[in-house]
Amino acid sequence: KHGSCHEALEVLDRMKRNGFRPNINTYNELLIGVAKAAGLSRQSSWHQVAIAVLDELVEEGCTPSDQTYSSVISCCGKDGAWDAAANIQARASRNLNQQIGGRAENQDTQTRIFYENLDHYRKADFGKEAWWEIGQYCKADGDMYMIGIQPHRNPLRNGLSLVFYNHGNTKLGRMLLKNDSFKDNTSSSLIGMEVTRSRRGEGLSKVFLAIWLSLCLEIGAVPRTGIMNKPLISYGLKQFGFCPRSGGSKVELLRIREEDRKTLIQGDYDWVPAFAIFSSKKSLSGLYSRRYLRGQSIVVLNHPPTAEHKRRSTTIHLKTSFEHPIARDKSSVEREAMSDQLKSILKERLTLFSVGGLLKCVFAP
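Residues numbered from 1 in each chain as written. Predicted model: local features only at pLDDT ≥ 70, side-chain atom pairs only at ≥ 80, totals over all residues. Heavy atoms only, no water.

Enquirer: Where do I start with the overall build of the protein chain in this structure?
Expert: Along the protein chain, the regular secondary structure elements total 14 helices and 14 strands. Sorting the 365 residues of the protein chain into buried and exposed places 47% on the buried side. When contacts within the protein chain are restricted to residue pairs at least 6 apart in sequence, those whose partners lie at least 24 apart make up 62%. Carbon together with sulfur atoms contributes 48% to the accessible area of the protein chain, which is approximately 18400 Å² in total. (Helix = DSSP H or I, 4+ residues; strand = E, 2+ residues; numbered from the N terminus. Buried < 20%, exposed > 50% of the residue type's maximum accessible area, 1.4 Å probe, protein only. Contact = heavy atoms within 4.5 Å. Areas by Shrake-Rupley, 256 points an atom, 1.4 Å probe, with all protein chains shown as cover.)

Enquirer: I tried to follow the environment of D66 on my own but got confused; where do I start?
Expert: Tracing the backbone shows D66 in helix α4 (residues 66-78). Given a relative accessible area of 35%, D66 falls into the partly exposed group. Separated by 27 residues in sequence, D66 and S93 place their C-alpha atoms 9.8 Å apart.

Enquirer: When you look at the sheet that holds strand β10 (residues 275-278) in this model, what are you seeing that I'm missing?
Expert: Backbone hydrogen bonds hold the strands of a sheet together, and the pairing may be parallel or antiparallel. Here we have four strands laid out as an open sheet, ordered β11-β10-β9-β12, and mixed in their pairing. Looking along the sheet, the strands with just one partner apiece sit at the ends: β11 (298-300) and β12 (314-318). Going across the sheet, the axis of each strand differs from the next one's by a mean of 35 degrees, ignoring polarity. Here strand β9 (residues 249-255) runs beside β10; their pairing, made up of four bridges, is antiparallel. Paired with R255 across the bridge in β10 is F275. Along the sheet, helix α9 (residues 231-239) contacts β9, β10, β11 and β12; its crossing angle with β12, the most-contacted strand, is approximately 115 degrees. (Pairing = 2+ DSSP bridges. Axes fitted to C-alpha atoms, helices over the stretch in contact; angles between N-to-C directions.)

Enquirer: Is there a simple way to explain the pattern of salt bridges in this structure?
Expert: Close approach of charged atoms allows side chains with opposite charge to pair. Evaluated as defined, the whole model comprises 10 salt bridges. Residue E56 pairs with K16 through a salt bridge whose shortest N-O separation is 2.5 Å. With E56 in helix α3 (residues 46-59) and K16 in helix α1 (residues 5-17), the pair connects residues that are 40 residues apart, well separated along the chain. The class of K16 is partly exposed, set by a relative accessible area of 29%. For the salt bridge of D55 with R91, the shortest nitrogen-to-oxygen distance reads 3.1 Å. With D55 in helix α3 and R91 in helix α5 (residues 82-96), this residue pair connects regions lying 36 residues apart in the sequence. (Salt bridge = Lys/Arg side-chain N within 4 Å of Asp/Glu carboxyl O.)

Enquirer: What is the right way to look at the packing of aromatic side chains in this model?
Expert: Here the distance between the centres and the angle between the planes together describe a pair of aromatic rings. Per the counting criterion, the structure on display carries six aromatic pairs. Ring geometry for W82 against W132: centres 5.7 Å apart, planes inclined by 55 degrees, an arrangement best described as tilted. Taken together, the residues W82 in helix α5 and W132 in strand β2 (residues 131-138) connect sequence positions 50 residues apart. Each member of the pair, W82 as well as W132, is classed as buried. The interplanar angle of 15 degrees and the centroid separation of 6.0 Å between the aromatic rings of W212 and F242 together place this pair among those described as stacked. Of this pair, W212 sits in helix α8 (residues 204-219) while F242 sits in the loop between α9 and β8 (243-244); the two residues are 30 residues apart in sequence, bridging distant segments of the chain. The exposure classification of W212 matches that of F242, with both residues buried. (Phe/Tyr/Trp six-rings, centres within 6.5 Å; stacked < 30°, edge-to-face > 60°.)

Shown next, in the form of structure tokens:
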């Protein structure tokens, strides 16, 4: 795991020579380390080592686990060995997914399509940081954002990230997504979002959400979310018309003005708050760590705000999932309304690379 894979392979060989029989946990630990080393150079061949280790452990009488196959597939993906990845996925499906019958064969086909179609897009970076460019967003000042897909390990199961870089190849942020396509029903679920710390406060989260929703409209996917517990993401979703589903908690979010800092903020804070959250029904103390609040420039009010502050606040929902009205009403009116809102934000400066109609295959495999 610490980058000494050659030494680890030598230790494994020494174990066997001295009569010690490695078990599946030994092999899994080795494969996790090999997966970390894969893809770090253009000539990386660690996937071949991983496949050899897989063959060896089977010969030694060990039964491969889900972790075993995930590590080998990760090696293949990082090295760009998509055919090998599809073959290992098929092998895993035969051994691990017999209980779901014909769905295993369907998963093999989807995996192969996903890996093959990624090769039609420009690849950037290597190893676990590798991503494929699927679009560009040009700002009014001429600056360009590159939009990419970064598959997670075993992307059909674990989803992918929508990543954003500037032309200096500096990462601006990412969105964690779990996208699914089954027959005519395609959905894209937002799991989380992160803006690079040095770029927070520039309105990037709103741009990221707008680009994600534009992608959903482009491929006909229904936008949803997982359970959200971050105030600023919840606020952003509300601005785009998302509705909370059942359950959750209501809190108030207030954007802090300069004149609020002396009268509203109490306590010792080593950051300049931009937002405050409060609730008239229950204490929010302990809901978030100090580190998280500092990173988001948020403070929690544990005393009643003034009537003026209450009027300026916005009700948001936490600890619940969200969906957009087009999930329930797929009429052209709802989609046109969303399209108009996105155009007003992105100003027609977004370009998505369809590449022969393959965008849906790589965004919602």
